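Single-letter residue listing:
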Amino acid sequence: MSDHEQQQPAPRRGKVLEALARAERKLFTRPAPKSAKARMKFLRTREGGSTAAVAKRLGISRRTVERYLAGKLTKPQKRLQAALVEETESEWQPQVRAQARAAASTSRGMMVEVTAYFGFTCTGSSDDGRERQITTDISPTYVKQILELQEAGATEEDLHPIVAEAITESYFTEWGTRADGLRADFTAVSSISFRF
C-alpha cells in the first residue's frame, strides 16, 4: 500500500443503521456522484472548499484529496471507496431526505421487514424464542424515536430495543389489542430493511 493510501480501518455500521441508510438512498430523485473525483468535489463543496476538512472526514491526507481532485488518482482502495460512498450519500439531497423523514415521523410511519431471533417475556405464557421473518408497519411515534437516535449517533445496540418495541407493538400486540404485557427482544439479525 502506498504512502498516500495509508488509511484507518473502515468503520462498520450495523444492520439497522445500514438499513436506514439504504431506505434513504431509495428516496433520491437524482443519482449521487459516481466517480472518486466527482465525490471529492461534492464533499469539498459541502465542506466550504476545505480539502483539509474532506481529508479529516475520510481519514486520509489532504494531499491525497488534492490528487483525486486533480485526477492524478482515480481508483480508491476499498476502505476509501466505502467512505466516499457513505459520506457522499449522507449529504446528498438533504431536502428530499428531510421531507421523507418528517412525513414518516409525523403521519406516515415506516415499513420494516426483519429476519431475526425474537425472544419474549410476558405475564402468562408465550411462544419460546425463535427466528422469525416479520414485515410490519412502525408507527410515526417509533419512527421519530429511531430517526432521532440515528441522528444523535446511536449505535446498533442503542437502536435494537426501540426497533424491537416498535415491532412488538405493531406485530405481536397489534397496537395493544392482544398479548398485554408482552415484550419482545431481537438478536442475531439476519436481515432488515426499512421503507419510508
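Residues numbered from 1 in each chain as written. Predicted model: local features only at pLDDT ≥ 70, side-chain atom pairs only at ≥ 80, totals over all residues. Heavy atoms only, no water.

## Details of helix α3 (residues 51-58)
Of all the residues in α3, the buried ones are Thr-51, Val-54, Ala-55 and Leu-58. Here the buried residues of α3 occupy an arc of 100 degrees about the axis, which is enough to place them on one side. On its buried face, α3 sits against α2 (36-46), α4 (62-70) and α5 (78-91). Its side-chain oxygen placed 3.5 Å from the backbone nitrogen of Ala-52, Ser-50 serves as the N-cap of α3. Of the residues one or two after α3, Gly-59 is the one with positive phi, at around 75 degrees. (Buried < 20%, exposed > 50% of the residue type's maximum accessible area, 1.4 Å probe, protein only. Helix = DSSP H or I, 4+ residues; strand = E, 2+ residues; numbered from the N terminus. Arc of directions from axis to C-beta. Contact = heavy atoms within 4.5 Å. Polar contact = N/O pair within 3.5 Å; in protein donor to acceptor, adjacent residues only side chain to side chain.)

## A closer look at the packing of α2 against α3
Running from N to C, α2 and α3 cross one another at 115 degrees; their axes reach a closest spacing of 8 Å. On the basis of the axis angle, α2 is roughly perpendicular to α3. Like other packed secondary-structure pairs, α2 and α3 cross with a definite hand, here right-handed. Residues Met-40, Leu-43 and Arg-44 of α2 lie in contact with α3, whose contacting residues are Thr-51, Val-54, Arg-57 and Leu-58. (Axes fitted to C-alpha atoms, helices over the stretch in contact; angles between N-to-C directions. Parallel < 35°, antiparallel > 145°, perpendicular 65-115°, else oblique. Left-handed = near helix turned anticlockwise from the far one by under 90°.)

## Observations concerning the side chain of Thr-173
Inspection of the secondary structure assignment puts Thr-173 in the loop between α8 (156-172) and β3 (183-195). Once you skip the residues sitting within four places of it in the chain, Thr-173 turns out to touch Thr-168, Arg-178, Ala-179 and Leu-182.

## Observations regarding the packing of aromatic side chains
Applying the stated rule across the entire model yields four aromatic pairs. Relative to Phe-172, the ring of Tyr-171 lies with its centre 4.9 Å away and its plane at 90 degrees, an arrangement referred to as edge-to-face. Clustering of aromatic rings is evident, with ring pairs tying together Phe-118, Tyr-171, Phe-172 and Phe-186. (Phe/Tyr/Trp six-rings, centres within 6.5 Å; stacked < 30°, edge-to-face > 60°.)

## Some words on the confidence of the model for the chain
Of the residues in the chain, 89% reach a pLDDT of 70 or more, and the chain-wide mean stands at 88. The secondary structure element of the chain with the lowest average pLDDT is β3, at 87, and the one with the highest is α2, at 97. Segment residues 1-11 is flagged for pLDDT under 50; beyond a separation of four residues in sequence, or across chains, it makes 21 contacts in the model. (pLDDT = per-residue confidence, 0-100.)

## Digging into the nonpolar core
The tendency in soluble globular proteins is for nonpolar side chains to be buried as a group. If you look at the biggest cluster of nonpolar residues, it comprises 34 residues, and the most contacted ones within it are Phe-118, Ile-167, Ile-192 and Phe-194. At the level of secondary structure, the elements contributing two or more residues to this core comprise α1 (15-25), α6 (94-108), β1 (110-121), β2 (130-138), α7 (140-151), α8 and β3. When residues of this core are assigned to their parent elements, the largest contribution, seven residues, is made by α8. Ala-32, Ile-60, Leu-69 and Trp-92 belong to the second largest nonpolar core, which has 18 residues in total. (Core = buried A, V, L, I, M, F, W, Y, C linked by side-chain atoms within 4.5 Å.)

## Details of the pattern of salt bridges
A side chain of one charge can pair with a side chain of the opposite charge if their charged atoms are brought near each other. Overall, the coordinates contain twelve salt bridges when judged by the stated rule. In this structure, Arg-101 and Glu-24 form a salt bridge, with 2.2 Å as the shortest nitrogen-oxygen distance. Residue Arg-101 is located in helix α6, and its partner Glu-24 is located in helix α1; the two are separated by 77 residues in the primary sequence. Relative accessible area serves as the criterion here: at 11%, Glu-24 is assigned to the buried category. A salt bridge links Glu-151 to Arg-101; the shortest N-O distance between them is 3.0 Å. Here Arg-101 lies in helix α6 and Glu-151 lies in helix α7, a separation of 50 residues in the sequence. Note on Glu-151: relative accessible area 61%, which makes it exposed. Arg-101 sits in the buried class, given a relative accessible area of 11%. One continuous salt-bridge network, built from bridges that share partners, spans Arg-46, Glu-47, Arg-57, Glu-87 and Glu-91. (Salt bridge = Lys/Arg side-chain N within 4 Å of Asp/Glu carboxyl O.)

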